[in-house]
Amino acid sequence: MNTKTLVSCKINDTDTDFLCEPRQSLLECLRDVLSLTGSKEGCNDGNCGACTVILDGRIVDSCLVLGVEAQGKQIITIEGIATAEGLHPLQQAFLEQAALQCGICTPGFIVAAKGLLDREPKADEHRIRHWLAGNLCRCTGYDKIVRAVLQAEEMQAKKK
Amino acid sequence: MTTTERPIAQNAAPYRVLGTRPLRHDGVDKVTGRAKYGVDASVPGMLYGAVLRSPHAHARILHIDTAAAEALPGVKGVVTAKDMGIYQRPLDYAQTMRNPRFIAEQMLASKKVVYKGQGVAAVAAASLHIAQEAAALIRVDYEPLPAVLSLDDAMQPNAPKVHDDLTTRVIAADHTRKQDSGTSSNVAGRLEMKRGDLAEGFRRAAFVAEAEFRTSRVHQGYIEPHNATAYWAPDGKITIWNSSQGAFTIREQVAEVLQVPESQVRIIPLEIGGGFGGKTTTYLDAVAALLSKKTGHPVKMLMTRREVFEATGPTPATLMRCKIGADKDGKLTAGYLFLAFDAGAFPGGAVGAGATTSFAPYKLDTVLVEGYDVVLNKPKVHSYRAPGSPQAAFAVESILDMLAAKLGLDPLELRRRNAAHEGDRLPNGVPLNSVGIDEVIAAMQKHPHYSAPLGGPNRGRGVSLGYWGNAGKHSSATLSLGADGKVSLVTGSVDIGGSRAALAMHAAEVLGLAAEDIVPAVGDTESVGMTDITGGSRTAMATGAAVYEAAQMIKREMIRRAALLWEVKPEDVSFDHGLFVNTRQPTDRLTFQQVAARAMSTGGPLTASASAFPKKIAPAICGNIVDVEVDPETGKVAVLRFTVVEDVGTAAHPSYVEGQMQGGTVQGIGWALSEEYCWNDSGAMLNPTFLDYRMPTSLDVPMIDTVMVHVPNPYHPFGVRGVGEVSIVPPLAALANAVSHAIGARMTSLPMSPAVVLQALAGKRA
């Protein structure tokens with residue numbers, strides 16, 4: 001009996017085919033089928049943001065997307081944020097600002113923040129706090145995370 | 001092997017590496033998603049496990065039928081309490097920390113369930129979905145029993161008993177428990193800390209303030225759920241990949257629960273996604289091991305968020321009464337505190353720590369603290385950042401605020417006049433160790449925040465202090481010199497928030513290297529000496545002391561090697577900033593790297609191990625200034641400005657010290673304003689999701705301004721002091737004081753959710 005579906009999509013700029021059960025979330029497929037474990041499961045009901053990925057240009061909680069819905073889509077995960085040239089400004093800024101302690105929420109924050117900076121490269125503190133309110137961090141109190149995103153905006157502006 | 005215990009006080013000088021802000025060594029892995037956390041464990045051939053949990057708060061287990069679950073395709077094995085060897089051992093209620101019988105009961109209940117969410121049976125299957133389906137197919141016949149669900153009910157003499165054989169024990173000053181009443185009770189422990197004549201103290205008071213306080217259960221809220229992946233090999237060797245706050249501590253617990261020698265268990269700690277005390281015990285490891293033994297496969301288990309809320313240990317709910325008197329000059333004359341802490345289904349609710357820390361920042365010669373450790377039919381509580389202290393401080397610091405108002409005295413001035421000093425007695429009689437209480441109060445008084453105008457209506461400002469004793473315990477470290485002059489560092493301390501960096505900096509400081517020249521790693525239980533938990537704010541301090549000793553050994557040996565090369569005596573070699581100089585021929589110079597490169601020809605590999613067990617511990621003190629605005633229509637509290645002042649001693653890595661201050665503060669904000677376990681009347685948690693259990697988001701809080709006060713720890717070679725926990729202590733009272741001033745009514749119950757604040761406003765109008 002064939003219980004799995006073939007899904008074809010592009011993940012981190014790479015054409016990817018995978019098999020999944022209809023009940024498997026995109027998060028499960030990324031982690032358990034494709035070994036892309038950078039996206040984390042903190043709640044599995046869309047309330048912590050640790051599994052945030054960019055799906056066709058929009059940030060989504062990958063635990064709320066079915067694997068089969070990825071068919072034909074473009075997905076960026078935390079593993080696709082750095083390039084051969086080095087870290088993304090957000091990643092560098094998170095390190096320099098010490099914007100992580102345990103680090104489990106960090107992939108979700110960086111992907112979500114990239115979703116913001118791609119749209120609004122000059123978002124102010126309030127806008128950043130509003131945008132990132134779907135991502136929970138229990139270690140940092142958010143101060144250094146917000147500062148890291150502000151720093152990444154400056155780094156990006158200087159690059160251009 | 002050496003043990004660090006001597007006080008080394010001459011450390012006021014600035015350091016070369018400590019106090020700087022290098023990038024953390026594990027940083028790139030963590031910002032690129034490549035770091036492997038416990039939840040990411042993957043072992044070839046592994047199955048997935050799931051636990052069937054009790055739907056009842058209190059019920060006798062009559063029969064468990066696993067046939068339907070075992071018949072489901074993909075299911076490989078089921079375990080129940082029958083598979084737990086430890087149940088042949090008697091239950092000793094006197095042991096409240098790491099009691100293996102309590103741990104086993106939480107995993108797979110033996111005879112009855114005592115809270116909703118308690119484990120009853122577990123399944124291993126080819127996928128997590130199948131395991132969860134199979135768990136739901138297990139049939140359990142229960143005989144429901146009357147449940148006791150509130151502190152007030154549980155303490156009634158005629159209340160239903162959680163455990164028929166549990167009696168009230170006296171909790172001694174060292175927290176050990178002695179037999180007491182001999183009669184069955186839900187009050188598992190009772191303590192009394194007493195000094196002076198209380199009645200006389202209150203007679204001398206010109207002003208007295210008193211009130212009753214309540215706090216709700218809150219959860220540590222780490223983002224990574226509990227997890228364990230275990231393999232029980234045919235030769236009996238058990239390997240566990242997990243994330244915990246202490247591999248050795250978990251190994252001890254697993255070995256006891258499974259009744260095997262510790263050497264048979266190897267714990268491989270992967271990265272940990274938060275703990276805050278909640279991952280110092282085990283809920284899954286032994287179950288995964290039993291399932292592995294039964295199936296012959298490795299088994300991975302992972303809690304859902306609901307399980308984390310319902311089946312792990314949050315912090316106690318409390319009922320407290322506090323009364324403090326002061327003379328007309330604002331000197332405290334007497335303090336009384338009644339603490340009833342909800343321990344959950346098994347004894348051990350941090351009431352001792354709450355009692356000890358309660359009045360700690362203040363000199364008080366007349367004091368009585370009564371504490372009660374109360375069991376009821378809810379999940380057993382566990383440690384949460386400075387366990388017990390935030391609640392007790394909420395009561396004491398609220399009363400001080402009321403007292404200051406009666407005296408017409410500035411609330412910080414009242415605290416300054418009564419600040420305790422080294423040698424003054426804590427409520428338990430132990431003398432206070434060196435800590436900068438005066439310095440923290442002074443920094444608060446002169447901070448611009450304290451004199452800034454509030455700037456609008458419905459606003460209030462609150463202050464509070466918080467104290468925490470910090471821990472010492474055991475740590476081990478091993479350094480090995482590489483041919484390129486880099487030094488590998490292995491410690492047993494799990495890195496929960498940047499400790500690799502702080503510990504590497506200790507070695508770099510001694511060896512005259514840069515932080516980047518040290519390559520830090522976290523060892524497993526077979527690769528490094530016994531090391532206690534990453535907890536108690538101890539890691540940078542105590543493991544740092546072990547690293548310091550090991551680095552001194554490396555330094556001495558390298559001096560000896562350099563002397564060999566020059567054919568002089570070691571005392572003829574000086575070492576400064578990574579440079580060796582032959583003092584008999586000062587043009588003879590060798591860099592650290594040059595001596596390292598010659599290691600094989602001067603005697604072979606250089607490696608050094610040391611352990612530390614700091615016997616004298618410097619405590620922590622933290623103060624808050626906070627401004628809030630209350631919306632009179634909705635009762636919602638907005639936090640406008642927050643300043644945290646903490647005595648951090650020598651800040652090893654200031655960025656991560658600030659991070660501890662900010663993180664603990666925001667946890668405290670959640671505790672004060674929005675977080676609580678909500679219950680129905682049959683003992684089920686109504687809000688086991690992050691949607692309904694409201695932890696602060698980035699939008700709920702402002703920037704958290706940090707002021708680091710540096711009073712070096714006299715018992716650490718560099719003055720490093722425990723800094724992690726204390727920041728969660730003052731926010732509860734500081735926010736309650738701020739809200740009370742904003743609305744003109746005293747807040748005595750947490751959280752101060754909109755409904756509670758509206759009620760207080762309505763009460764004021766009526």
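The model shown is predicted, which means the values in this text are computed figures rather than measured ones.

Definitions and cut-offs
- For every chain, the first residue of the written sequence is number 1, and numbering continues from 1 onward in sequence order.
- For naming, the first written chain is A and the first written ligand is 1, with later ones following in the order written.
- Totals for whole chains, interfaces and linings use every residue, but because this is a predicted model, local features are given only for residues with pLDDT of at least 70 and side-chain atom pairs only at 80 or more, for both listing and counting.
- For the side-chain quantities, the full set of heavy atoms in the structure was used; hydrogens and water were omitted.
- The rule for a salt bridge is simple: a side-chain nitrogen of Lys or Arg has to be within 4 Å of a carboxyl oxygen of Asp or Glu.
- Here a strand is any run of E in DSSP of at least two residues, a helix any run of H or I of at least four, and the numbering for each starts at the N terminus.
- Throughout this description, buried means an accessible area under 20% of the type-specific maximum (1.4 Å probe, protein chains only), exposed means over 50%, and partly exposed covers the range between.
- We treat two strands as partners when DSSP finds at least two bridges between them.
- Throughout this description, the term nonpolar core refers to a set of buried Ala, Val, Leu, Ile, Met, Phe, Trp, Tyr and Cys residues connected via side-chain atoms within 4.5 Å.
- Residue contacts are counted whenever heavy atoms from the two residues lie within 4.5 Å of one another.
- How far each domain reaches was decided by an automatic or database domain assignment.
- Buried area, as used here, totals the accessible surface that two parts lose on assembly, with accessibility defined by a 1.4 Å probe and the loss added over both.
- The definition of a polar contact used here is a pair of N or O atoms within 3.5 Å, where within protein one atom must be able to donate a hydrogen and the other to accept one, and adjacent residues in sequence count solely through side-chain atom pairs.
- Charged means Asp, Glu, Lys or Arg here, nonpolar means Ala, Val, Leu, Ile, Met, Phe, Trp, Tyr, Cys or Pro, and polar covers whatever is left, Gly included.

A.B. asks: Please give an account of the pattern of salt bridges that cites residues and values.
C.D. replies: Residue and element names in this part refer to chain B. By the definition in use, this model includes 54 salt bridges over all chains. We note a salt bridge from R53 to E307, for which the minimum N-O separation is 2.7 Å. Placement of R53 in strand β1 (residues 47–53) and of E307 in helix α9 (residues 305–311) is noted, with a sequence separation of 254 residues between them. Accessibility assignment for this pair places R53 and E307 in one class, buried. Because the salt bridges share partners, they merge into one network encompassing R24, D26, K30, E271, D495 and R500.

A.B. asks: Which residues make up the sheet that holds strand β4 (residues 112–113) of chain B, and what values go with them?
C.D. replies: Residue and element names in this part refer to chain B. Taken in spatial order, the three strands line up as β4-β2-β6 in an open sheet, and their pairing is antiparallel. Each of the sheet's edge strands pairs with one partner strand only, and the pair in question is β4 and β6 (139–144). Relative to β4, strand β2 (residues 59–65) runs antiparallel, the two being bridged by two bridges. For A59, the partnering residue across the bridge sits in β4 and is V113.

A.B. asks: Can you explain the nonpolar core? Please cite residues and give values.
C.D. replies: Counting 188 residues, the largest nonpolar core has A:F94, B:L735 and B:M752 as the members making the most contacts within it. Considering every element that reaches this core, the biggest residue donor is helix α11 (residues 389–407) of chain B, with 11 residues. Not counting the four nearest positions on each side in its chain, A:F94 is found in contact with A:A99, A:L100, A:T106, A:F109, A:I110, A:I145, A:A148, A:V149 and B:V31. In terms of nonpolar packing, the next biggest core, distinct from the first, is built from 50 residues, B:M505, B:L590, B:F592 and B:A610 among them.

A.B. asks: Hey, could you go over the domain arrangement of chain B for me, with residue numbers and the actual values?
C.D. replies: Residue and element names in this part refer to chain B. Partitioning chain B into structural domains gives domain 1 (442–467 + 619–766) and domain 2 (472–612). Each of domain 1 and domain 2 has a C-alpha centre, and these two points are 40 Å apart. In this complex, domain 1 contributes 12 residues to the contact, which on the side of domain 2 involves 15 residues. Both sides of the domain 1 and domain 2 interface together cover about 1,000 Å² of buried area, and 72% of this is carbon and sulfur. For the pair domain 1 and domain 2, the number of links is zero salt bridges. Between the two partners, domain 1 and domain 2, sit four residue pairs in polar contact (both at pLDDT 80 or more). Each residue belonging to the side of domain 1 that touches domain 2 can be placed in one class, and the counts come to six nonpolar, five polar and one charged.

A.B. asks: Talk me through the environment of B:V510; I want residue IDs and the actual numbers.
C.D. replies: Residue and element names in this part refer to chain B. Relative to the elements of secondary structure, V510 occurs in helix α15 (residues 499–511). With 135 residues separating them in the primary sequence, V510 and V375 have C-alpha atoms 49 Å apart. Discounting chain neighbours no more than four positions away, the residues touching V510 are Y548, A551, Q552, K555, F575 and F718.

A.B. asks: Break down the pairing of strand β26 (residues 620–630) of chain B for me, citing the residues and quoting the values.
C.D. replies: All names here are of chain B. In terms of residue burial, β26 counts as a mostly covered element, since 10 of its 11 residues are buried. Of the strand pairs in this sheet, β26 and strand β27 (residues 637–647) are connected by nine bridges, and their pairing is antiparallel. Considered in β27, the bridge of E629 is made with A638.

A.B. asks: Quick rundown of the interface of chain B and chain A? Include the residues and the values.
C.D. replies: Listed by partner, the interface residues are 59 residues for chain B and 49 residues for chain A. Taken together, both faces of the contact between chain B and chain A bury some 4,400 Å²; the carbon and sulfur share is 57%. If you sort the residues of chain B by the area they bury against chain A, B:V31, B:I223 and B:M703 come out on top, with a joint share of 17%. Joining chain B to chain A, the criterion identifies five salt bridges. Where chain B meets chain A, there are 27 residue pairs in polar contact (both at pLDDT 80 or more). Residue contributions to the side of chain B that touches chain A peak at nine residues, all from helix α18 (residues 654–673) of chain B. Tallied by class, the residues present in the side of chain B that touches chain A amount to 28 nonpolar, 21 polar and 10 charged.

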